[in-house]
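Topology and contacts: notes
Read off the chains here:
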Amino acid sequence: MNPRLLVATLALCAAASTWLVAQPPAPAPGAGKGGGKGKGGPPSVSPLTVYHVPTGPAPKMTSGKPDLNGVWQRPYVPDVTRDAGANQKGSGPLPYTEWGKQQFDTYNAENGDYTGACLPFGHSRGMNSPDPIQFMVTDKYFAFLYEQNSWFKVIPIGKEHDPDKVATWFGDSVAHWDGDTLVIDTINFNGYTRLDTNGHPQSDQLHLIEKLTRTDAGHIAYEMTVDDPKTYTKPWTNVRIFTLRTDWEIQEYSCEENNKGLVEGRIKVPNYDGPKK
């Protein structure tokens, strides 16, 4: 198997199994002769239950800003350069620097992909996952609640970056409203992560800009711009559509449970001795 696809296959299978267990179909009304007035067992469950996406204008918070709260279905994006159905448009070929091209050409998941050791995905790769994600927003904070590994990220709205923070896996994020669009600005990454499952690189100089616009009651337009002068010669963008799922809840998720691939040596731990210069 192509080494780049090995981890993608493992991740997708794991996500699919969680999806099937965590998201049972909604119960359908009983079909008995009593017109639903009986006191028998629970109503039947139809595997063909169709979810109807909410329609109408985007709801507002009391502040007048769009309400981004909810559990959202997002497209799986293992490769940020390629389209993934109607709800995700890839960036196309990436404008590598010499360093960035070397990082991509020498990447081999079989030689130690950090996610195989259950290390944090990093924000970009975490946003590319196919599992549900919940957004929580108030006047002062916005939060990503990833189902993946039960991670979360809380972002202040209307504040500046703290220059004294140490570099992290998910970076230092602040947000502000630009009209009805929430703009999230993230810097100060530790440089240990990849942008996607396919291994497209990033460095500790990554500046990630995300824009979330609630276009109607059932959808959010999401735009991610990568500005990483060490890895790419110019910024580039990937866009997606998220769909509200009022019938879903995010579930507990632990990467460590039954990770036999790591214990038995099929997955190698990355040899980290600091970010590659």
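Report on the accompanying structure. Owing to the predicted nature of the structure, the values given are computational and were not obtained by experimental measurement.

Calculation rules
- Residues numbered from 1 in each chain as written.
- Predicted model: local features only at pLDDT ≥ 70, side-chain atom pairs only at ≥ 80, totals over all residues.
- Heavy atoms only, no water.
- Phe/Tyr/Trp six-rings, centres within 6.5 Å; stacked < 30°, edge-to-face > 60°.
- Helix = DSSP H or I, 4+ residues; strand = E, 2+ residues; numbered from the N terminus.
- Buried < 20%, exposed > 50% of the residue type's maximum accessible area, 1.4 Å probe, protein only.
- Core = buried A, V, L, I, M, F, W, Y, C linked by side-chain atoms within 4.5 Å.
- Contact = heavy atoms within 4.5 Å.
- Patch = residues over 30% accessible without salt bridge, like charges linked within 9 Å, V, L, I, M, F, W, Y side chains within 5 Å.
- Areas by Shrake-Rupley, 256 points an atom, 1.4 Å probe, with all protein chains shown as cover.
- Salt bridge = Lys/Arg side-chain N within 4 Å of Asp/Glu carboxyl O.
- Pairing = 2+ DSSP bridges.

Let's talk about the packing of aromatic side chains
- Scanning the model with the defined rule gives 16 aromatic pairs in all.
- Centre to centre, the rings of Phe 135 and Phe 242 are 6.2 Å apart; their planes meet at 55°, and the pair counts as tilted. One end of the pair, Phe 135, is in strand 3 (residues 133-137); the other, Phe 242, is in strand 10 (residues 236-244), and 107 residues separate them in sequence.
- By relative accessible area, Phe 135 is classed as buried at 1%.
- Ring centres of Phe 142 and Phe 144 lie 4.9 Å apart, and the angle between their planes is 85°; this geometry places the pair in the edge-to-face category. Considered together, Phe 142 and Phe 144 belong to a single accessibility category, that of buried residues.

Quick word on the nonpolar core
- Counting 39 residues, the largest nonpolar core has Phe 135, Phe 142, Phe 144, Leu 182 and Leu 212 as the members making the most contacts within it.
- Counting residues per element, the ones that place at least two in this core are strand 3, strand 4 (141-146), strand 6 (172-178), strand 7 (181-187), strand 8 (207-216), strand 9 (219-227) and strand 10.
- Among all residues touching Phe 142, those that are not within four sequence positions of it are Leu 68, Phe 135, Met 136, Val 137, Lys 153, Val 154, Ile 155, Ile 157, Leu 182, Ile 184 and Leu 212.

Notes on a nonpolar patch on the surface
- Together, Tyr 141, Phe 152 and Val 154 make up an exposed nonpolar region whose accessible area comes to about 340 Å².
- For Phe 152, the location among the structural elements is in strand 5 (residues 152-156).
- Owing to a relative accessible area of 62%, Phe 152 belongs among the exposed residues under this scheme.

Here's the deal with unusual backbone geometry
- Positive phi values are uncommon outside glycine, yet Asn 149 reaches one of about 60°.
- Along the polypeptide, Asn 149 turns up in the loop between strand 4 and strand 5.
- A positive phi angle is found at Ser 150, which is not glycine, with a value near 55°.
- Within the secondary structure, Ser 150 sits in the loop between strand 4 and strand 5.

Concerning the pairing of strand 1 (residues 70-73)
- Of the strand pairs in this sheet, strand 1 and strand 3 are connected by three bridges, and their pairing is antiparallel. Residue Gly 70 lies in a different strand from strand 3, and its bridge partner there is Phe 135.
- Relative to strand 10, strand 1 runs antiparallel, the two being bridged by two bridges. Residue pairing for strand 10: Gln 73 is matched across the bridge by Thr 243.

Brief notes about the pattern of salt bridges
- Tallied over the entire structure, the rule returns seven salt bridges.
- Its salt-bridge partner being Asp 113, residue Arg 125 comes within 3.4 Å of it at the nearest N-O pair. One end of the pair, Arg 125, is in helix 3 (residues 123-127); the other, Asp 113, is in the loop between helix 2 (98-105) and helix 3, and 12 residues separate them in sequence.
- Overall, Arg 125 belongs to the buried group, its relative accessible area being 4%.

Notes on the pairing of strand 8
- Bridge count for strand 7 against strand 8 is six bridges, and the pairing is antiparallel. Within the sheet, the bridge partner assigned to Thr 181 lies in strand 8 and is Thr 213.
- Looking at chain direction, strand 8 and strand 9 are connected through nine bridges and run antiparallel. Bridge pairing in strand 9 links Ile 209 to Thr 225.

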